[in-house]
Amino acid sequence: MRLWSEDIEALRDEARQVVAAGMAVIAEQFGDGGTVPEDPTERVLAQRERFARNFAPVPEAVEREIAGVRCRVFVPDVPATAIYVHFHGGGMVLGAPEMNDGGNLDLCRRFGMAVVSVDYRLAPEHPYPAGPDDGVAVVSWLLEHGAAEFGSARILMGGESAGGYMTAAVALRVRDELHAAERIDGLNLVFGVYDWGRSPSQRGIRPVDGPDMLTPEGIELFTDSYLPGRTDDERRDPAISPAFADLRDMPPALFSVGTADHLLDDTLMLASRWVAAGNEAELFVAPDMPHGFMAFPCGITKTWAKRTNEWFADILARPPRAS
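The residue numbers shown here count from 1 along each chain, following its written sequence. Since the coordinates come from a predicted model, pLDDT governs what is reported: local features require at least 70, and pairs of side-chain atoms require 80 or more to be given and counted, while whole-chain, interface and lining totals use all residues. As a rule here, side-chain values come from all non-hydrogen atoms in the structure, and water together with hydrogens is ignored.

Digging into the side chain of Asp288
Comment: elements are numbered from the N terminus, with helices defined as DSSP H or I runs of at least four residues and strands as E runs of at least two. You can see Asp288 is positioned in the loop between strand S8 (281-286) and helix H10 (299-317). At a separation of 2.8 Å, a polar atom in the side chain of Asp288 contacts the side chain of Arg16. A contact between two residues is defined here by any heavy atoms of the two lying within 4.5 Å. In this view, Asp288 contacts Arg12, Arg16, Val208, Thr259 and Ala260; residues no more than four positions away in its chain are not counted. A 3.5 Å cut-off defines polar contacts: any pair of N or O atoms within that distance qualifies, except that in protein one atom must be a possible hydrogen donor and the other a possible acceptor, and neighbouring residues in sequence count only when both atoms are side-chain atoms.

Side note on the packing of helix H4 (residues 101-111) against H10
It is at 12 Å that the axes of H4 and H10 come closest, and there the two elements cross at 45°. Between H4 and H10, the interaxial angle falls into the category oblique. The hand of the H4/H10 crossing is right-handed. Residue-level inspection shows Leu107, Arg110 and Phe111 of H4 in contact with H10, the latter providing Asn309, Phe312, Ala313 and Leu316. Working convention: axes come from line fits to C-alpha atoms, limited for helices to the stretch in contact. Angles between N-to-C directions cover 0 to 180 degrees. Angles below 35 degrees are treated as roughly parallel, those above 145 as roughly antiparallel, those between 65 and 115 as roughly perpendicular, and all remaining angles as oblique. Note on convention: the crossing is left-handed when the near helix lies turned anticlockwise from the far helix by less than a right angle, right-handed when the turn is clockwise.

Some words on a nonpolar patch on the surface
Residues qualify for a patch when their relative accessible area is over 30% and they have no salt bridge, like charges being joined within 9 Å and the nonpolar side chains of Val, Leu, Ile, Met, Phe, Trp and Tyr within 5 Å. The Shrake-Rupley method, run with a 1.4 Å probe, gives the accessible areas here. Residue values count only the displayed protein chains as cover. In what follows, salt bridge is the name for a side-chain nitrogen of Lys or Arg lying within 4 Å of a carboxyl oxygen of Asp or Glu. The grouping of Met1, Leu3 and Leu283 at the surface amounts to a nonpolar patch, some 350 Å² of accessible area in total. Mapped onto the fold, Leu3 is located in the segment before helix H1 (6-9).

Focus on the environment of Glu6
Inspection of the secondary structure assignment puts Glu6 in helix H1. What makes Glu6 exposed here is its relative accessible area of 51%. As for Glu6 and Trp141, which are separated by 135 residues in sequence, their C-alpha atoms are 45 Å apart. The buried label goes to any residue with under 20% of its type's maximum accessible area, the exposed label to any with over 50%, and the partly exposed label to all in between, with areas taken from a 1.4 Å probe on protein chains only.

Structural notes on unusual backbone geometry
Residues Ala123 and Pro124 are joined by a peptide bond in cis, for which omega reads 5°. Relative to the assigned elements, Pro124 resides in the loop between strand S4 (114-118) and helix H5 (130-150). Each neighbour pair has its own omega, and for Tyr128 with Pro129 the value is 10°, a cis peptide bond. Following the sequence through the fold, Pro129 ends up in the loop between S4 and H5.

Some words on the state of the cysteines
Here, a disulfide means two cysteine sulfur atoms that sit within 2.5 Å of each other. Going through the model one piece at a time under the given rule, you end up with zero disulfides. Looking at Cys71, it has no disulfide partner, and the nearest cysteine sulfur is the one in Cys108, 15 Å off. The class for Cys71 is buried, based on a relative accessible area of 0%.

Spelled out as structure tokens, the structure:
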């Protein structure tokens with residue numbers, strides 16, 4: 001079994017150099033040199049403020065409230081080919097739809113999709129299940145009104161990091177609560193957290209020791225904020241951790257992760273169980289690349305972006321699953 005091709009293997013040296021040079025720049029962007037608050041909640045709020053400084057909102061986004069949830073919406077000039085429901089990252093405690101405006105605008109223009117990026121509620125103010133509840137509410141509204149609103153009844157979903165988790169968790173609830181799994185044509189799952197009981201890589205047991213944006217300590221802070229008062233075993237409840245869920249009858253999925261990512265094992269476990277359950281899946285593994293690897297432009301990330309665009313094109317070229 002091989003997780004990447006010879007072509008990608010040849011790009012590893014360049015990737016390591018780009019990551020080593022770029023990680024210091026990213027640390028400077030997100031740091032402020034101040035004292036780290038001792039209180040976990042205050043520490044999360046301080047991180048949230050620093051994180052928000054790096055958003056790059058674009059004027060093409062339209063502010064909408066859908067099912068009572070604030071969303072950033074991108075609408076093509078013609079009837080949409082599909083609706084892409086996007087969930088931002090941030091460990092379930094940070095982030096907002098604005099952080100992905102550039103990528104969502106590109107998807108709208110490139111594929112003619114309407115993009116709805118969901119501003120779901122964040123912990124610690126709103127712990128589990130507030131975030132997924134918001135996601136399910138938005139998707140439920142789109143299932144009923146999306147065709148009239150945007151010109152297409154097709155729905156795809158995706159997100160990065162916590163957004164990957166949100167995508168998987170919401171898709172499972174669409175299947176189990178809304179009985180509409182066949183209405184979702186594809187899931188784009190990018191280095192998500194799928195085992196809230198702390199997989200081996202989350203605990204620091206990684207196949208490579210390269211630099212990463214995540215640390216075991218940071219993941220623990222996010223987890224304790226989102227799922228307070230629960231043991232690791234309780235956090236592996238299938239309703240919480242998609243890696244432990246019944247995965248039958250799920251949509252085609254594209255999984256992406258780097259081998260230096262502290263969430264590596266989450267993707268490897270969910271992707272393999274996805275296929276074992278009889279679903280279609282593709283796995284893109286980026287050797288030596290960290291969490292958030294698209295922030296490090298190199299041959300490997302270019303290859304990933306090309307394959308991701310090909311996946312979207314392939315899904316959109318197929319007949320809708322509900323037809």
